[in-house]
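# An overview of the molecular structure
Residue strings, one per chain:
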Amino acid sequence: MTKKQWTTEAQRTWLQAKIPSYLKAKDDKVTRDFLNTTWDEFIAEFPASTPTADEVAKADGNLDAAKAEDTKDINNKFKNWFNNHTRPTTSGTGARGQVLDLSAGPKLVQAWQAYQNLCWETELRKRVDVEWNQFTADLPEGTKPPKTKFAFRNEKVRQWYQELSPEMKGTVEEHRLVIKEKGISDEEDLNRTYQRYSFIDIVLLIPTLSQLY
């Protein structure tokens, strides 16, 4: 027996139109922000129905509590819907078969990571070392730094990326696409690579723009 769907046809059409935006949010590591914003839009477009008598009874006769519980249930299903409809599932007895998967292909690393990869040897290595030495020099003698150099470096590069000119950000975006073509597909892949290789190895592993254009 087919499981009853929690969405109407109109709701499914509305949700399916949001899939490209969901996939982009995943690439940009802002899935939570996307879900929160899109949920507000969804519930405004499709307000929760009035609880049934049984649902009100389960809430000890409190209509508001029943509405809140119903909305919470829909919200959980809403969040799971995007994940369930953008990945393949197994087929066979009791399985749902193949569902829509629009996420094929390598993902983009974050822009600040592409900036780090592009400018590490020419600029960022020295800047990070100077900032780190200053940061640790200001600590009381014998005090362990409150963060690792790895975390400190990432924090600084994120900050410096935000301060770039629009022109330089455009150059970084081009390099970001180059990294994608080279098979470094997401933040986890890039972090694992940093852990396995020195930064000079990374620069050799992924050619810079000057080598590719």
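Here the residue numbering is sequential within each chain, running from 1 through the sequence in written order. Only residues with pLDDT of at least 70 are given local features in this predicted model, and only at 80 or more are side-chain atom pairs given and counted; all residues enter the totals for whole chains, interfaces and linings. Each side-chain value is derived from all of the structure's non-hydrogen atoms; neither hydrogens nor water enter the calculation.

## Re the overall build of the chain
Within the chain one finds 11 helices and 0 strands. Put simply, the chain has 213 residues, and 34% of those count as buried. Only heavy atoms enter the contact rule, under which two residues are in contact if any of them lie within 4.5 Å. Once local pairs closer than 6 in sequence are excluded, the contacts in the chain between residues at least 24 apart make up 65%. A total accessible area of about 13,700 Å² is found for the chain, and carbon and sulfur atoms account for 50% of it. A helix here means a DSSP run of H or I that spans at least four residues, while a strand means a run of E at least two residues long, and both kinds are numbered starting from the N terminus. Each residue is assigned to one of three classes by its accessible area relative to the maximum for its type, calculated with a 1.4 Å probe on protein chains only: buried under 20%, partly exposed between the two thresholds, exposed over 50%. All accessibility values rest on the Shrake-Rupley procedure with a 1.4 Å probe; residue burial counts only the protein chains present in the view.

## Details of helix H8 (residues 166-181)
Helix span, expected: 1.5 Å multiplied by one less than the number of residues in the helix. In this model, H8 (16 residues) spans 23 Å end to end at C-alpha, consistent with the 22 Å of a helix rising 1.5 Å per residue. All buried positions along H8 are accounted for by Val-172, His-175, Arg-176, Val-178 and Ile-179. All buried residues of H8 fall inside an arc of 160° around its axis, so they share one side. In this structure, H8 carries Pro-166, Glu-167 and Glu-181 as exposed residues pointing more than 90 degrees from its buried face. Directions are taken from the helix axis to each C-beta atom, and the arc is the one they span.

## Quick word on the pattern of salt bridges
The salt bridge definition used is simple: a Lys or Arg side-chain nitrogen within 4 Å of an Asp or Glu carboxyl oxygen. Applying the stated rule across the entire model yields 10 salt bridges. The partner of Lys-147 in a salt bridge is Glu-155, and the shortest N-O contact between them spans 2.9 Å. By relative accessible area, which is 27% here, Lys-147 ends up partly exposed. As a salt-bridge pair, Arg-176 and Glu-173 come within 3.2 Å of each other at their nearest N and O atoms.

## Here we look at the layout of surface pockets
Looking at the second largest pocket, its volume works out to about 320 Å³. A 1.4 Å probe that fits into a set of points on a 1 Å grid over the protein atoms alone but cannot get out defines a cavity; an open set with protein on both sides within 12 Å along at least five of seven lines defines a pocket, and lining residues are those with an atom within 4 Å of a point. Looking at the second largest pocket, it is lined by 16 residues, and the ones nearest its centre are Trp-6, Ala-48, Ser-49, Asp-70 and Ile-74. When residues of the lining of the second largest pocket are assigned to their parent elements, the largest contribution, 4 residues, is made by helix H5 (residues 63-84). In the lining of the second largest pocket, the residues fall into 7 nonpolar, 5 polar and 4 charged. Grid points are joined across faces, edges and corners, and a volume is the space filled by probe spheres set on the points. Ten residue types, Ala, Val, Leu, Ile, Met, Phe, Trp, Tyr, Cys and Pro, are classed as nonpolar, four, Asp, Glu, Lys and Arg, as charged, and the remainder, Gly among them, as polar.

## Overview of the packing of helix H1 (residues 9-17) against H5
Between N-to-C directions, angles cover 0 to 180 degrees, with each direction set by a line fitted to C-alpha atoms, over the stretch in contact for helices. In contact at an axis separation of 11 Å, H1 and H5 are set at 55° when each is read in the N-to-C sense. Judged by the inter-axis angle, H1 sits oblique to H5. In terms of crossing hand, the pair formed by H1 and H5 is right-handed. Taking contact as the criterion, the partners of Arg-12, Leu-15 and Gln-16 in H1 are, on H5, Phe-78, Trp-81 and Phe-82. Here the residues of the contact of H1 with H5 are counted per class, giving 4 nonpolar, 1 polar and 1 charged. Any angle that falls under 35 degrees is termed roughly parallel, while one over 145 is termed roughly antiparallel, one within 65 to 115 roughly perpendicular, and all others oblique. Note on convention: near helix rotated counterclockwise from far helix by under a right angle means a left-handed crossing. Clockwise means right-handed.

## So, the side chain of Arg-176
Along the polypeptide, Arg-176 turns up in helix H8. Not counting chain neighbours up to four residues away, the residues in contact with Arg-176 comprise Asp-28, Leu-108, Val-109, Gln-110, Ala-111 and Ala-114.

## As for the packing of helix H6 (residues 111-137) against H8
Following both chains from N to C, one finds H6 and H8 inclined at 90°, their axes separated by 8 Å at the closest point. Of the possible angle classes, the one that applies to H6 and H8 is roughly perpendicular. Contact residues: Ala-111, Ala-114, Tyr-115, Asn-117, Leu-118 and Cys-119 in H6; Met-168, Thr-171, Val-172, His-175, Arg-176 and Ile-179 in H8.

## Focus on the environment of Asp-54
You can see Asp-54 is positioned in helix H4 (residues 53-58). Asp-54 sits in the exposed class, given a relative accessible area of 59%. Distance in space between the C-alpha atoms of Asp-54 and Ala-66 is 9.5 Å, their sequence separation being 12 residues.

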